[in-house]
Amino acid sequence: MKRQNYKFWLASGFFLVGIAFAMSQEYDMLINDGHVVDVKNDIDKVMDVAIKDGKIAKVAARIPENSSKTVIQAKGFYVAPGLLDIHSHNFHGTEPNAYLSNSFSALPPDGFSFPNGVTTIVDCGGPGWRNFQQFKDQVIDRSKTRVLAFLNIVGSGMKGGAIEQNLNDMDPKLTAMVAKQFPKEVIGVKLAHYSGHDWTPTERAVEAGRLADIPVMIDFGHADPELSIKTLFLEKLRPGDMFTHAYGHVDGRMPVVDDNGKVNDFVFEAQKRGIIFDVGHGGGSFRFDQAVPSMEQGFEPNTISTDLHTGSMNGGMKNIINVMSKFLNMGMTVQDVIERTTWNASKAIKRTDLGHLSEGAVADVAVLNLRNGDFGFIDVRKKKMKGDKKLECELTIKDGNVMYDLNGLASKPWNE
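As the structure is a prediction and not an experimental result, all values here were calculated from the model.

Participant: Looking at this structure, how should I read the overall build of the protein?
Facilitator: When you go through the protein residue by residue, the secondary structure sums to 10 helices and 15 strands. For 416 residues, the compact-globule estimate of 2.2 N^0.38 gives 22 Å, and the protein sits close to it at 24 Å. The principal-axis extents of the C-alpha atoms in the protein amount to approximately 100 × 45 × 35 Å. Considering the protein as a whole, with its 416 residues, one finds that 56% of them fall into the buried category. Within the protein, contacts between residues separated by at least 24 positions form 74% of all contacts whose residues are at least 6 apart in sequence. Carbon and sulfur atoms make up 51% of the accessible area of the protein, which amounts to about 17,900 Å² in all. Across the protein, the 47 positively charged side chains and the 51 negatively charged ones have centroids separated by 5 Å.

Below you can see the structure in the form of structure tokens.
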């Protein structure tokens, strides 16, 4: 009888110890010893990051490992907020000849976000007010990636060709109405691909942005004859509006770097005025003969983005990590490129709940590896730039869940 009591109390003791240990594990996940770069909170050093219930619970110099159910050793890696790609094309579908609006040329978000540290992706003008509900049902609501949108000023969206030239379908009031109907998803207005010598589309996009109190992103060019980008920057756009494809050189648009290799003075004036210059690399809108002299003369992008679609994903662009690496090799620091894909990007789209690791913020985290070696980077003309630094995504966490793990940092050995 005594022996049975002893076994009972021993088992009870082990059970209670187990309960106490489980209760002492106050965090769901702990990222240890990584170099944290959180621009909003002015953190740029080795720190630990604790996560609980999908939120950032604590960032500190040392958090005990036994306080967490899962421990991720990140020594030697950079730990950043989840990246935001604010220029992408994700209204994928099966409609023929629809370019980037419910089409074969747009890409489903989840295949191109998490492997590159991206937790938030912004479709840039795929839907207009006429088909935004379809985009929400078909893409936003079916993706694990957080998907936001710039609403095209063209009601039918970015379907290409004559559809995007239709001034009668550029309605500021209806665009603003749909934007205000979906404030969590619609973060801006987009104008692209208009080829007429006419400021009307720009003015209507800006009016829609004013009515909905959201920024405008302009893909400018194609005009015949050219419209002045100086006028665009200094008269038509508002502070906080965005000019994408900043380092492109396309027909119908003056480039920011002139024929003598000098950045136009009004470009610096515009940036100082508050115009946001976005990379928007894409398949035809990033050239080293624009980017390299710009960087040498101090004209740096405010935000770094991909312009992701089937025409860019396997070309010189590849992914946001590759675009960030290009700027690393043109003189930016790791902290610089992280800033432009996190805090700067979130401020640009007025989503300051994202892009940082503040206590209580959503637990979106990218763990990045900086590799040193002999690398080559390609622009849209298939011209190469050599470099010795390259970023790689090791781990992506969204809402406190591991979404991508390149080398099993968050996994236990198979034989344990």
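Right, picking up where we left off after that structure.
Participant: Whenever I open this one, the sheet that holds strand E6 (residues 83-88) confuses me. Can you help?
Facilitator: Spatially, seven strands are ordered E6-E7-E8-E9-E10-E11-E12 in an open sheet, and the strand pairing comes out parallel. Here the strands that pair on one side only, and so sit at the sheet edges, are E6 and strand E12 (276-277). The sheet contact formed by strand E11 (residues 242-243) and E12 spans two bridges and is parallel. By the bridge assignment for E12, phenylalanine 243 is matched with phenylalanine 277. Relative to E6, helix H8 (residues 320-328) is tilted by about 100°, and along the sheet it contacts E6 and strand E7 (118-128).

Participant: Please explain the side chain of threonine 202 as it appears in this structure.
Facilitator: Relative to the helices and strands, threonine 202 is located in helix H4 (residues 200-212). You can call threonine 202 buried: its relative accessible area is 2%. If sequence neighbours within four positions are ignored, threonine 202 has contacts with Leu191, Ile218, Phe220, Leu232 and Lys236.

Participant: Whenever I open this one, the side chain of serine 294 confuses me. Can you help?
Facilitator: Examined against the element boundaries, serine 294 turns out to sit in helix H7 (residues 288-296). The buried category is assigned to serine 294, whose relative accessible area is 0%. Here glutamine 290 takes part through its backbone oxygen, which lies 2.7 Å from a polar atom of the side chain of serine 294. If we skip the residues at most four places from it in the chain, serine 294 touches Tyr247, Val256, Val257, Val263 and Phe299.

Participant: Please clarify how helix H5 (residues 229-236) should be interpreted in this entry.
Facilitator: Helical periodicity: at 3.6 residues per turn, an α-helix aligns residues three or four positions apart in one direction. The set of residues buried in H5 consists of Ile229, Thr231, Leu232 and Phe233. On its buried side, H5 packs onto H4, strand E10 (216-219), E11, helix H6 (265-273) and E12.

Participant: When you look at the packing of H8 against helix H9 (residues 334-341) in this model, what are you seeing that I'm missing?
Facilitator: The description of two helices packed together rests on the angle between their axes and the distance between the axes. One way to put it is that H8 packs onto H9 with a least axis distance of 9 Å and a crossing angle of 140°. Taken together, the axes of H8 and H9 lie oblique to each other. The interaxial crossing formed by H8 with H9 has right-handed handedness. Contacts between H8 and H9 involve Ile320, Met324, Phe327 and Leu328 from the former and Val334, Val337, Ile338 and Thr341 from the latter. For the contact of H8 with H9, the per-class residue count stands at seven nonpolar, one polar and no charged.

Participant: Which parts of the structure should I look at to understand the environment of leucine 174?
Facilitator: In this structure, leucine 174 sits in helix H3 (residues 172-181). Assessed through its relative accessible area of 28%, leucine 174 is described here as partly exposed. In this structure, the C-alpha to C-alpha distance between leucine 174 and glycine 155, residues 19 residues apart in sequence, is 8.3 Å.

Participant: Quick question: what am I supposed to make of H9 here?
Facilitator: For H9, every residue scored as buried is listed here: Val334, Val337, Ile338, Arg340 and Thr341. For H9, the angular spread of buried residues about the axis comes to 165°, placing them on one side.

Participant: Help me understand the pairing of strand E14 (residues 384-398) in this model?
Facilitator: Relative to E14, strand E13 (residues 365-378) runs antiparallel, the two being bridged by 12 bridges. From the neighbouring strand, phenylalanine 375 faces E14, where its bridge partner is glycine 387. Between E13 and E14, which pair antiparallel one after the other, the connecting turn spans five residues, and lysine 382 there sits at a positive phi close to 65°. Note: E14 against strand E15 (residues 401-405), four bridges, orientation antiparallel. Bridging across to E15, leucine 395 finds its partner in aspartate 405. Counting the residues in the hairpin turn of E14 and E15 gives two residues, including aspartate 399, whose phi is positive at 55°.

Participant: Looking at this model, I keep getting lost on the nonpolar core. Mind explaining?
Facilitator: Within the largest apolar cluster, 79 residues are counted, with the highest numbers of intra-cluster contacts made by Phe132, Phe233, Tyr247, Phe277, Met324 and Phe327. Per-element tally for this core: the top contributor is H8, with six residues. Once residues within four sequence positions are removed from consideration, tyrosine 247 is found in contact with Val279, Ser285, Phe286, Arg287, Gln290, Ala291, Ser294, Met295, Phe299, Glu300, Pro301 and Phe327. If you look at the next biggest cluster of nonpolar residues, it comprises 19 residues, including Val365, Val367, Leu395 and Leu409.

Calculation rules
- Residues numbered from 1 in each chain as written.
- Predicted model: local features only at pLDDT ≥ 70, side-chain atom pairs only at ≥ 80, totals over all residues.
- Heavy atoms only, no water.
- Helix = DSSP H or I, 4+ residues; strand = E, 2+ residues; numbered from the N terminus.
- Rg over C-alpha atoms; globule rule 2.2 N^0.38 Å.
- Buried < 20%, exposed > 50% of the residue type's maximum accessible area, 1.4 Å probe, protein only.
- Contact = heavy atoms within 4.5 Å.
- Areas by Shrake-Rupley, 256 points an atom, 1.4 Å probe, with all protein chains shown as cover.
- Lys, Arg positive; Asp, Glu negative; His and termini not counted.
- Charge placed at Lys NZ, Arg CZ, Asp CG, Glu CD.
- Pairing = 2+ DSSP bridges.
- Axes fitted to C-alpha atoms, helices over the stretch in contact; angles between N-to-C directions.
- Polar contact = N/O pair within 3.5 Å; in protein donor to acceptor, adjacent residues only side chain to side chain.
- Parallel < 35°, antiparallel > 145°, perpendicular 65-115°, else oblique.
- Left-handed = near helix turned anticlockwise from the far one by under 90°.
- Nonpolar A, V, L, I, M, F, W, Y, C, P; charged D, E, K, R; others polar.
- Arc of directions from axis to C-beta.
- Core = buried A, V, L, I, M, F, W, Y, C linked by side-chain atoms within 4.5 Å.

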